[in-house]
Amino acid sequence: MRLTRAVAALFALLLAIQSVSAAKAEDLSTIRVGVLKFGTVNWELDAMKRAGLDAAAGVDVELVPFAGEDATAVALQAGSVDMIVSDWLWVSRLRATGADYTFVPYSTSVGSLMVPGDSEVQGLGDLKGRTIGVAGGPLDKNWLLIQALARKDAGIDLAAENDIVYGAPPLLAEKARQSELDAVLNFWHYAARLEAAGFRTVVSGTDAAMQLGTSGPVAAIGWVFGDAFAERNPKAIAGFLAADKATKQLLATSDAAWEELRPLMKAEDEATFTTLRQRYREGIPSRSPAEEAKDTETLYELLAKIGGERLVGPATTLSPGTYYDDGKNGS
């Protein structure tokens, strides 16, 4: 009888635990985040889920993988996902046409113009007549800013006075390793891998932006979602942003959390792993959205002059509401 009562009590306890867990799960607000299958955003979201930081903040983050950036943008506009990572330029351009998307800074890590460690190139003026690989295409923001800085400081037109090779980031990184390029402008994580392999930075997109007028590093990419979605789901957005902040703090301070991310990072060696970790940490935004928004307005006007309507669309200034205002950040 005692055994029977004990089993019954245990069974009742298990049912109670399951009931509480189910109730807690029902209380969580689901946010569907569209991500690139092999993108670096997965690192943070994986760390967030592993540590349970989304659930602790009252949200259940559901990752929806896509093969390319265009696919994530289409999914957001179609309502298939609630949030993606994109840049403020895209958000501002859409807002200028009547869309309601808004932006929260995610990372200030940007591309860098890299050369081999033993290269004779020390500054932008030394690049004249060289072969330069550029990821992101002719309208890439970092490329436009670096060109503007080269004209300002060295009096050279990099696009006109050099052999420019546009291509996919991994292809250009490999061509740089094989000495087929004199310099390469690549996305931050490819630049970090090149750095670990002995390359050095001539100038980064952040360097160029600050020398052209910003007061600090500006997040190139951020979490993007609709104003209407945020109005309908204020607790979900607040919870996600709290989880994002907590995860960044975790990754900024815990080497153990990074060890769990090794399989996702696919680092070729220890030097690559530690360089990727360090550059990611350096890219964690440290300024308020209001401070960043002010500098972004400066950058936007500069880019509008350089890239024209093909880059920024019909608006020559940053569209109001591009930076999300939750009533607390003052942006």
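How each quantity is defined
- Residues numbered from 1 in each chain as written.
- Predicted model: local features only at pLDDT ≥ 70, side-chain atom pairs only at ≥ 80, totals over all residues.
- Heavy atoms only, no water.
- Pairing = 2+ DSSP bridges.
- Helix = DSSP H or I, 4+ residues; strand = E, 2+ residues; numbered from the N terminus.
- Axes fitted to C-alpha atoms, helices over the stretch in contact; angles between N-to-C directions.
- Contact = heavy atoms within 4.5 Å.
- Phe/Tyr/Trp six-rings, centres within 6.5 Å; stacked < 30°, edge-to-face > 60°.
- Buried < 20%, exposed > 50% of the residue type's maximum accessible area, 1.4 Å probe, protein only.

Chemist: Can you help me understand the sheet that holds strand 5 (residues 112-116) in this one?
Modeler: Sheet strands associate in pairs through backbone hydrogen bonding, adopting either a parallel or an antiparallel arrangement. Taken in spatial order, the five strands line up as 7-6-8-5-9 in an open sheet, and their pairing is mixed. Edge positions in the sheet fall to strand 7 (163-167) and strand 9 (199-204), since each of these pairs with one other strand and no more. Each neighbouring strand pair of the sheet contributes to a mean axis angle of 25 degrees, computed without reference to strand direction. Bridge count between strand 5 and strand 8 (residues 183-186): three bridges; the pairing is antiparallel. Across the sheet, the residue bridging to Leu-113 is Leu-185, located in strand 8. Lying on the sheet, helix 6 (residues 141-154) is in contact with strand 5, strand 6 (131-135), strand 7, strand 8 and strand 9; it crosses strand 8 at an angle near 130 degrees. Across the face of the sheet, helix 7 (residues 169-177) comes into contact with strand 6, strand 7, strand 8 and strand 9 while running at roughly 155 degrees to strand 8.

Chemist: Looking at this model, I keep getting lost on the packing of aromatic side chains. Mind explaining?
Modeler: To describe a pair of aromatic rings, one takes the distance between the centres and the angle between the planes. Under the criterion given, the structure shown has ten aromatic pairs. Ring geometry for Phe-225 versus Tyr-324: centroids 5.1 Å apart, planes at 75 degrees, classification edge-to-face. Taken together, the residues Phe-225 in strand 10 (residues 221-226) and Tyr-324 in the segment after helix 16 (309-312) connect sequence positions 99 residues apart. According to the relative accessible area criterion, Phe-225 is buried, its value standing at 0%. Summarising the aromatic geometry, the rings of Trp-258 and Tyr-280 are spaced 5.2 Å apart at their centres and angled 75 degrees between planes, so their arrangement reads as edge-to-face. Of this pair, Trp-258 sits in helix 12 (residues 255-259) while Tyr-280 is found in helix 14 (residues 270-282), placing the two residues 22 residues apart along the sequence.

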